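So you can see what is in the structure, the chains are spelled out below.
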Amino acid sequence: MRFTRRVKQRHPGSQREAAPVRSAGHRRSKTPKAHEPGPVPEHPTLPPEPPRFLQMERQVVADFRPQMLGELSRRVEVETEQLRRQPPICPKAGCGRTMHRRGSTSTTQLTLCGLLTIRADTFRCEPCKTRVRPLFDRLGIESGRISGGLARLMALLGVVVPYELAAQLVWILLGFEVNAMAVWREVQRLGAAYEAHDQARCRYHNDARTPCPEPESAPDVVLLEPDGAALGMQRKKRKKRTGSAAETARTTTPQPSEFREVKTGVLMLPAERTETSPGRRSVLRRVVVTCLGDADTLFARLWSAMCELGWKSEGTIVVIVGDGAEWIWNRASMFPRRCEILDFWHAVERAWEFARLHFGADSKATADWAHALAVDLRAGKVVDVITQLRGLQCGQKETRELLEKLISYYTANASRMQYDQYLRLGYGIGSGAVESAHKQVLQARLRQAGMRWSVRGATHLLALRVLLLNGRWEDLDRLGRPSLAT
Ligand SMILES: [Zn+2]
């Protein structure tokens, strides 16, 4: 690893002279020209050096880094001295003796200021034979070579862009040459630490024995949009059978079982919705909760998040907007006061599907019929719509079956389709927030071309990504000494 910023000067000899002039016999361009061609273009070259100011600025940073490292080292030395003046007490139960210094060990840590060498004293209680190195605890230094602020910035870059690119950014932004693996390790380590913290908090809030005080001012209404999105997973390792062409084919073709659903829920307060421009509402605060797990895990986490936010009281109505997936409604009952809403756009899309088959894919009749139906649904006339659908005559078997499906879908969800009321109450009728959360949490980082994830790799990255998108990145600073996740 290199610890100083490279101030690269381009070699003057590397400049290209003017581009070679084409010989007379060279084939002319195929496109006919209306006017005479101008002069032959010259090959553009960059100036041999960056501007003077840029060089000075970078040189100052490079020159003063050793001084910063020296100062950091001095401050660590002060802490070491304090520990020597006040040696630790033996941690063994019932001992209470003051421990004595017995030598020291030296470690190096890569920090924002450069590579820091730390000598940590070892203290010993002779009768108990216990040994401690209290400096690391006192400073909160993490195990592993990269520490503190640098580790967090590297993880941040790895959370935002793919690891290879993040490693490049570490070089450009921070002047440290690291590889993708080093970035991956920091994401894993901090992600595992935060995930463990989040799980512990979740267990606390979901345990009936723990106190759950009513918040002083819980909101009257909380909006919840849960939904799932697929994530490509790595195949489980098979026993290798060498030389088999069939085996190779099987390992390269994606199988349906290689996908897992990332379940996400977005929590919002309808009271915080503001009108940014006439007719266009945007939500100020949204809290994203996600997991690569089952529906129960997601709802346990949502519950925990609501407790943490102080958004849960006996009087709070939880408005749940879902796409009709059973796992959502099956768990909605955990909220005694709730309002279930079927996502309006899903409801309308089902009607379009039928209309395209019944009236023809591109016909005006399809559009007119579906639009009229959408207007009726929005007006809360779901019962009328069902009656109208029952009166339709369909000749073909396939169309008839689709109509039957549509009728039973609307009938089953009729109580969740009182859209006029929901709009009047300011609840909203669509699940746009969770759709956009999928894009930000998953698509933008974990669903790029060819990406396949391990369960742990995805879980740790998701934990940090949600932390960042929820505006809680600073929480990472207060995690106690995350150890290396291997
Ligand atoms: Zn002792």
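Report follows, based on the coordinates.

What counts as what
Residues numbered from 1 in each chain as written. Predicted model: local features only at pLDDT ≥ 70, side-chain atom pairs only at ≥ 80, totals over all residues. Helix = DSSP H or I, 4+ residues; strand = E, 2+ residues; numbered from the N terminus. Buried ≥ 20, exposed ≤ 12 C-beta atoms within 10 Å, placed from the backbone. Contact = placed C-beta atoms within 7 Å. Pairing = 2+ DSSP bridges. Axes fitted to C-alpha atoms, helices over the stretch in contact; angles between N-to-C directions. Expected span 1.5 Å × (residues − 1). Core = buried A, V, L, I, M, F, W, Y, C linked by C-beta atoms within 7 Å. Arc of directions from axis to C-beta. Parallel < 35°, antiparallel > 145°, perpendicular 65-115°, else oblique. Nonpolar A, V, L, I, M, F, W, Y, C, P; charged D, E, K, R; others polar. Left-handed = near helix turned anticlockwise from the far one by under 90°.

Thoughts on the overall build of the chain
Here is step 1 of the chain: Across its full length, the chain holds 15 helices and ten strands.
Here is step 2 of the chain: Of all 486 residues assigned to the chain, the portion counted as buried reaches 25%.
Here is step 3 of the chain: Once local pairs closer than 6 in sequence are excluded, the contacts in the chain between residues at least 24 apart make up 68%.

Some thoughts on the sheet that holds strand E10 (residues 338-342)
Here is step 1 of the chain: With respect to topology, five strands assemble into an open sheet ordered E8-E5-E4-E9-E10, the strand pairing being mixed. Two strands bound the open sheet, and with one partner strand each, they are strand E8 (286-291) and E10. Averaged over all pairs of adjacent strands, the angle between their axes in this sheet comes to 20°, without regard to strand direction.
Here is step 2 of the chain: Here strand E4 (residues 221-232) pairs with strand E5 (residues 259-268) via ten bridges, running antiparallel. Residue pairing across strands places Leu231 opposite Arg260, the latter belonging to E5.
Here is step 3 of the chain: Docked against the sheet, helix H15 (residues 455-469) engages E4, E5 and E8, running at close to 175° with respect to E8.

Side note on helix H9 (residues 344-359)
Here is step 1 of the chain: Between its first and last C-alpha, H9 extends 22 Å over 16 residues, near the 22 Å set by a 1.5 Å rise per residue.
Here is step 2 of the chain: Residues of H9 that are buried make contact with E10, helix H10 (364-378), helix H12 (397-413) and helix H13 (419-425).

Looking at the pairing of E4
Here is step 1 of the chain: Looking at chain direction, E4 and strand E9 (residues 317-322) are connected through four bridges and run parallel. In the sheet register, Leu223 faces E9, and the bridge partner there is Val319.

Overview of the sheet that holds strand E3 (residues 130-132)
Here is step 1 of the chain: The strand order across the open sheet built from three strands is E1-E2-E3, with neighbouring strands paired in antiparallel fashion. The open sheet has two free edges, formed respectively by strand E1 (100-111) and E3, since each of these has just one partner strand. Geometrically, the sheet is characterised by an average inter-axis angle of 25° between neighbouring strands, direction not taken into account.
Here is step 2 of the chain: In this sheet, strand E2 (residues 114-125) lies alongside E1 in antiparallel orientation, the contact comprising ten bridges. The partner of Arg101 across the bridge, within E2, is Phe123.
Here is step 3 of the chain: Relative to E2, helix H1 (residues 52-85) is tilted by about 10°, and along the sheet it contacts E1 and E2.

Examining the nonpolar core
Generally speaking, soluble globular proteins have nonpolar side chains that are buried together.
Here is step 1 of the chain: Counting 81 residues, the largest nonpolar core has Met154, Val183, Leu267 and Leu464 as its most contacted members.
Here is step 2 of the chain: The dominant element in this core, judged by the number of residues it contributes, is helix H5 (residues 180-205), at nine residues.

Some points on H12
Here is step 1 of the chain: Across its 17 residues, H12 extends 24 Å between first and last C-alpha, which sits within 8% of the 24 Å expected from 1.5 Å per residue.
Here is step 2 of the chain: Residues Leu406, Tyr410 and Asn413 constitute the buried set of H12. Considered in projection along H12, the buried side chains sweep an arc of 80° and stay on one side of the axis. What points out from H12, more than 90 degrees from its buried face, is the exposed set Lys397, Ser408 and Ala412.
Here is step 3 of the chain: Residues of H12 that are buried in the fold lie against E10, H9 and helix H11 (382-390).

Here we look at the packing of helix H4 (residues 163-174) against H5
In a packed pair of helices, the relevant descriptors are the angle between the two axes and the axis-to-axis distance.
Here is step 1 of the chain: Remark: H4 packs on H5, axes separated minimally by 8 Å, with the N-to-C direction vectors making an angle of 100°. Comparing the axis directions of H4 and H5 gives the class roughly perpendicular. Together, Tyr163, Glu164, Ala166, Ala167 and Val170 of H4 and Ala180, Ala182, Val183 and Trp184 of H5 make up the contact between the two elements.
Here is step 2 of the chain: Residues belonging to the contact of H4 with H5 are distributed by class as follows: eight nonpolar, no polar and one charged.

Some thoughts on the environment of Ile407
Here is step 1 of the chain: Note that Ile407 resides in helix H12.
Here is step 2 of the chain: Along the primary structure Ile407 and Ile386 are separated by 21 residues, whereas in three dimensions their C-alpha atoms are 6.1 Å apart.

Concerning the environment of Ile341
Here is step 1 of the chain: Mapped onto the elements, Ile341 comes out in strand E10.
Here is step 2 of the chain: For Ile341, a count of 26 C-beta atoms within 10 Å corresponds to the buried category.
Here is step 3 of the chain: Each C-alpha atom of the pair Ile341 and Ser431 lies 9.5 Å from the other, and the pair is 90 residues apart in sequence.
Here is step 4 of the chain: Sequence-distant contacts of Ile341, that is, excluding residues within four places in its chain, are made with Val319, Ile320, Val321, Arg416, Tyr422, Tyr427 and Ile429.

A word on unusual backbone geometry
Here is step 1 of the chain: Positioned with a positive phi, Lys129 is a non-glycine residue whose angle comes to about 60°.
Here is step 2 of the chain: By the element assignment, Lys129 lies in the loop between E2 and E3.
Here is step 3 of the chain: Owing to 8 C-beta atoms within 10 Å, Lys129 belongs among the exposed residues under this scheme.

Details of the packing of H9 against H10
Here is step 1 of the chain: Contact pair H9 / H10: the axes reach a minimum separation of 9 Å and the direction vectors enclose 155°. Regarding the angle of H9 to H10, the classification is roughly antiparallel. Where H9 crosses over H10, the handedness of that crossing is right-handed. When H9 is examined against H10, the residues Ala347, Val348, Ala351, Trp352, Ala355, Arg356 and Phe359 are found in contact with a partner set consisting of Ala365, Thr366, Trp369, Ala370, Leu373, Ala374 and Leu377.

Quick word on the pairing of E2
Here is step 1 of the chain: As consecutive antiparallel partners, E1 and E2 are separated by two residues.
Here is step 2 of the chain: If you look at the hairpin formed by E2 and E3, you'll find four residues sitting between the two strands, and Lys129 has a positive phi there, around 60°.

Topic: the environment of Trp171
Here is step 1 of the chain: Considering the arrangement of structural elements, one finds Trp171 in helix H4.
Here is step 2 of the chain: Since 14 C-beta atoms lie within 10 Å of it, Trp171 is described here as partly exposed.
Here is step 3 of the chain: Setting aside its immediate chain neighbours within four residues, Trp171 contacts Phe176 and Glu177.

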